[in-house]
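Given next are the chains, with one letter for each unit.
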Amino acid sequence: MATQGSKPTLTTTAGAPVPSNQDSITFGPRGPLAMQDYQLIEKLAHQNRERIPERTVHAPGWGAHGVLRITGDISKYTKAKVLQKGTETPMLARFSTVAGERGAGSHERDVRGFSLKFYTEEGNWDMVANNTPVFFVRDAWKFPDFIRSQKRHPKTNLRSPTAMWDFWSLSPESLHQTTILMSDRGIPATPMHMNGYGSHTFSLWNDKGERFWCKFHFKSEQGIKNLTNKEAESRMGVTRDGYQEDLFNAIEEGKFPKWKMQMQIVPEAAAAKFSFDPFDVTKVWPHKEYPLIDVGYFELNRNPENYFSDIECAAFSPSNVVPGISFSPDKMLQARIFAYPDAHRYRLGANYEQLPINRPRCPMAHYHRDGPMNYHGLQTGNVNAYYEPNSFGGAVEQPSAAEPPLRITDEAVVARFDHREGYDDFSQVRELFEKVMTPDEKQRLFKNIAAAMGGVSDEITERQCKLFDRVHPDYGTGVRKALQEVEPGAPNAVPVDEKTPQVVPDAKRARTA
C-alpha cells in the first residue's frame with residue numbers, strides 16, 4: 001500500500017491515487033460538473049448502494065465474536081467433533097428483536113433472537129435460537145401470517161395491537177409464547193442478561209448410528225435481568241441503541257459475558273412415550289422428566305471490527321449442521337431449513353457463504369459455480385472437474401457422513417393434518433401460570449397484557465380472555481380487571497399509543513358495495 005508519511009494514500013476502488021477528495025471537477029468555479037469526474041461518480045454511486053435489504057424478521061441486531069468450550073462428555077450421544085469434551089470452537093453470536101425494522105428500539109417488548117454460528121473443523125454449525133423455549137405457531141403454514149400480524153398496517157404504516165391480538169386470540173397454540181412475552185421476561189435488560197433456547201427438537205447421532213432427540217439451552221451466567229414497561233420506555237427515551245451500547249461496552253471493558261450450554265437428551269424410541277408431541281415447538285420438555293445435562297459454555301470476547309461485514313452480513317441457518325447433529329420432524333424446523341438460506345440468497349446473493357463472516361474455516365469443495373460475487377471461482381479441486389461424476393479428481397462424497405434413517409411411524413401418510421386437532425395448548429401454560437409465576441409476577445403479567453391491548457376491540461379482547469380462562473380462571477379474571485383499571489397512556493413498551501389507528505375503513509370495498 002502506497003503511503004504518504006504515516007498515512008496511506010487515498011485511492012479509487014480500482015487502486016488509482018485520488019488527487020483531491022475535496023472538490024469536484026467543474027467548468028469554472030461556478031460551472032456545471034464534468035462527466036469525466038469518474039471519482040465523483042464512483043463516490044455517489046457507491047453511496048446509493050451502501051444499504052442491502054434488511055431482514056424481514058430480526059432486522060435490528062447486535063453481535064460479537066467468541067469461543068465455545070465443551071467441558072462435559074456426551075460422546076455416547078453424538079459423533080460431532082464440535083461437541084467432544086475439551087474442544088474449543090470459534091464462534092459468532094447475533095442477538096435481535098423480531099418485529100421492528102433496523103433502528104427499532106432495543107427495549108421494546110418482543111421476542112429476542114439468539115443466533116450462534118460455530119466455525120467447526122467439519123463445517124459451520126448454526127444454532128438459530130430465541131430467548132424463549134417455545135414459539136407462537138407449530139405449523140409453518142401460519143408463520144407468514146403471524147409475522148404480518150406483528151408488522152405495520154398496509155394503510156396506516158403503523159403497528160397494530162388489534163392485528164396482533166386478533167391473530168393470537170384465534171390461535172390458541174400461541175398462548176404459551178404470548179404468556180412468556182407478556183411476563184417479566186418480555187423485556188430483557190441487556191443481551192447478556194437473557195437465556196437462549198434452540199426451541200426446536202433436534203437430533204444427535206453417534207458412531208453406532210444411534211439417534212437421540214435433544215433440546216439446546218444456553219443459560220446466562222450474568223443472571224436474568226428484565227425491565228418493566230416504564231423502565232423500558234424511559235431507557236428508549238435516552239437511547240434506542242441500549243443493547244448495542246451494553247454489549248459493546250461490556251466486551252471493550254473486558255467483562256466478557258458467558259452462557260452455560262446445557263441439553264436435554266432422550267433415545268429415539270422415547271418420543272413415542274411422551275404425553276404430548278415432542279416435536280411441537282409450542283411445548284417445553286419438563287425438566288423433572290428430562291433433566292438438563294451440562295455440556296460446556298460459550299464466551300463473547302471480541303467486538304466486530306466492522307459491524308456491517310460481521311453482523312449485518314452474517315447469515316445464520318438451521319440447515320447448517322455437521323455430522324452428528326441433525327433435524328427432527330418439527331414442522332417449523334423443517335420449514336426454516338428452507339426459508340432461512342433462501343432469505344440469505346435474496347438478501348446477500350447466491351454466494352453469501354463466500355463472504356468472510358459466513359465462509360467455513362475448514363477445507364471445502366463443491367460443484368456450485370459462477371453467479372454474482374463469486375470470489376473464489378470453481379471449488380471442486382480441479383479445473384476440469386466442473387461436473388460430477390468425473391475422471392479428473394474432483395470432489396467426491398463421504399459416505400461416513402450419512403446420518404441414520406429418520407424413523408417414521410408405520411401409519412404415517414402424506415396429507416394435510418389439522419395442526420390444532422389433538423393438541424393440548426393449555427396444560428403447559430397452566431403449569432407456568434400456577435407453579436412458576438409468583439403473585440407479583442402474575443399481577444405484572446395482567447397489567448402488561450392490558451397495556452398492550454390498548455385500542456383493541458372488546459370482541460377481540462374478550463376472545464383472548466376466554467383463552468386465558470381455559471388456562472386458569474384467575475388468568476382471565478386478572479386480565480379483565482387490569483383492562484378496567486388501565487390508564488390512558490400507560491407505558492406499554494411497544495411503538496403504539498392511544499392515537500394509533502387500529503383498523504381503518506376498506507375504501508375499495510366501500511366503492512364496490
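Above this text sits the structure in question.
Rules behind the numbers
- Residues numbered from 1 in each chain as written.
- Predicted model: local features only at pLDDT ≥ 70, side-chain atom pairs only at ≥ 80, totals over all residues.
- Heavy atoms only, no water.
- Helix = DSSP H or I, 4+ residues; strand = E, 2+ residues; numbered from the N terminus.
- Rg over C-alpha atoms; globule rule 2.2 N^0.38 Å.
- Buried < 20%, exposed > 50% of the residue type's maximum accessible area, 1.4 Å probe, protein only.
- Contact = heavy atoms within 4.5 Å.
- Areas by Shrake-Rupley, 256 points an atom, 1.4 Å probe, with all protein chains shown as cover.
- Lys, Arg positive; Asp, Glu negative; His and termini not counted.
- Charge placed at Lys NZ, Arg CZ, Asp CG, Glu CD.
- Phe/Tyr/Trp six-rings, centres within 6.5 Å; stacked < 30°, edge-to-face > 60°.
- Arc of directions from axis to C-beta.
- Patch = residues over 30% accessible without salt bridge, like charges linked within 9 Å, V, L, I, M, F, W, Y side chains within 5 Å.
- Salt bridge = Lys/Arg side-chain N within 4 Å of Asp/Glu carboxyl O.
- Core = buried A, V, L, I, M, F, W, Y, C linked by side-chain atoms within 4.5 Å.
- Pairing = 2+ DSSP bridges.
- Axes fitted to C-alpha atoms, helices over the stretch in contact; angles between N-to-C directions.
- Parallel < 35°, antiparallel > 145°, perpendicular 65-115°, else oblique.
- Left-handed = near helix turned anticlockwise from the far one by under 90°.
- Nonpolar A, V, L, I, M, F, W, Y, C, P; charged D, E, K, R; others polar.

Novice: Can you help me understand the overall build of the protein chain in this one?
Specialist: A count of helical and extended segments in the protein chain gives 13 helices and 12 strands. For 513 residues, the compact-globule estimate of 2.2 N^0.38 gives 24 Å, and the protein chain sits close to it at 26 Å. By principal-axis analysis of the C-alpha atoms, the protein chain measures approximately 75 × 70 × 55 Å. Burial analysis of the protein chain (513 residues in total) assigns 48% to the buried set. A sequence separation of at least 24 residues applies to 73% of the contacts in the protein chain between residues at least 6 apart. With an accessible surface of roughly 26900 Å², the protein chain has 53% of that area assigned to carbon and sulfur atoms. Of note, the protein chain has its 63 positive side-chain charges centred 2 Å away from the centre of its 64 negative side-chain charges.

Novice: Help me out: how do you make sense of the packing of aromatic side chains in this one?
Specialist: For any two aromatic rings, the description comes down to two numbers: the centre-to-centre distance and the angle of the planes. A full pass over the atoms with the stated rule returns 29 aromatic pairs. Consider the rings of Phe468 and Tyr475, whose centres lie 4.2 Å apart with planes at 15°: the pair is stacked. An identical accessibility class is assigned to Phe468 and Tyr475; each is buried. Put simply, the rings of Phe135, Phe136, Phe143, Phe146, Trp165, Phe167 and Trp168 touch in pairs and so form one group of aromatic residues.

Novice: Could you clarify how one ought to interpret the side chain of Thr132 in this entry?
Specialist: Positionally, Thr132 belongs in the loop between strand 6 (123-130) and helix 2 (143-150). Setting aside anything within four residues of it in sequence, one finds Thr132 in contact with Val111, Gln177, Ile180, Tyr197 and Ser199.

Novice: What's the story with unusual backbone geometry in this structure? I'm lost.
Specialist: Most peptide bonds take the trans form, and the phi angle of most residues other than glycine is negative. Here the amide bond leading from Glu388 into Pro389 is cis, since omega sits at 5°, within 30 degrees of zero. Relative to the helices and strands, Pro389 resides in the loop between helix 8 (331-348) and helix 9 (427-436). Positive phi, normally seen in glycine, also occurs at Ser199, with a value near 65°. Looking at the secondary structure, you find Ser199 in the loop between strand 7 (196-197) and strand 8 (202-205). For Ser199, a relative accessible area of 8% corresponds to the buried category.

Novice: Mind showing me how you'd approach helix 6 (residues 242-252) here?
Specialist: Side chains three or four residues apart in an α-helix point the same way, a direct result of the helix having 3.6 residues per turn. Every buried residue belonging to helix 6 is among Gly242, Tyr243, Asp246, Leu247, Ala250 and Ile251, and all of these are buried. The buried residues of helix 6 occupy an angular sector of 150° when projected down its axis, which confines them to one face. On its buried side, helix 6 packs onto strand 3 (61-70), strand 4 (88-97), strand 5 (112-120), helix 5 (229-238) and strand 11 (293-302). Gly254, located one to two residues past helix 6, shows a positive phi value of around 80°.

Novice: What exactly am I supposed to notice about a nonpolar patch on the surface here?
Specialist: Side chains of Leu378, Val383, Tyr386, Tyr387 and Phe392 sit close together on the surface and give an oily, nonpolar patch of about 480 Å² of accessible area. Within the secondary structure layout, Tyr386 lies in the loop between helix 8 and helix 9. Judged by relative accessible area, Tyr386 falls into the partly exposed class, the value being 45%.

Novice: I tried to follow the nonpolar core on my own but got confused; where do I start?
Specialist: The nonpolar side chains of a soluble globular protein tend to be buried with one another. Grouped together as the largest cluster of nonpolar side chains are 42 residues, with contacts concentrated most on Leu83, Trp125, Phe216 and Met261. Beyond its immediate sequence surroundings of up to four residues, Met261 is in contact with Leu68, Ile70, Leu83, Trp125, Phe216, His217, Phe218, Ile293, Asp294, Val295, Gly296 and Tyr297. Core analysis: the next-biggest nonpolar cluster, separate from the first, contains 40 residues, Trp165, Phe167, Trp168 and Tyr475 among them.

Novice: How do you make sense of the pairing of strand 11 when you look at a structure like this?
Specialist: Within a regular strand, side chains alternate between the sheet's two faces. With 6 bridges joining them, strand 3 and strand 11 adopt antiparallel strand pairing. Across the sheet, residue His65 finds its bridge partner in strand 11, namely Arg302. Bridging between strand 10 (residues 258-267) and strand 11 involves 6 bridges; their strand directions are antiparallel. Opposite Gln262, over in strand 11, you have Asp294 as the bridge partner.

Novice: Sorry if this is basic, but what is going on with the environment of Leu40 here?
Specialist: Among the structural elements, Leu40 can be located in helix 1 (residues 38-48). For the pair formed by Leu40 and Ser24, sequence separation is 16 residues and the distance between their alpha carbons is 6.7 Å.

Novice: Is there a simple way to explain the packing of helix 3 (residues 161-169) against helix 11 (residues 458-471) in this structure?
Specialist: Axes are the key here: two packed helices are described by the angle between their axes and the distance separating the axes. Axis separation between helix 3 and helix 11 bottoms out at 9 Å; the angle between their running directions is 40°. On the basis of the axis angle, helix 3 is oblique to helix 11. When the axes of helix 3 and helix 11 are compared, the crossing they make is left-handed. Residue-level contacts link Thr162, Trp165, Asp166, Trp168 and Ser169 of helix 3 to Ile460, Arg463, Gln464, Leu467 and Phe468 of helix 11. Tallied by class, residues from the contact of helix 3 with helix 11 come to 5 nonpolar, 3 polar and 2 charged.

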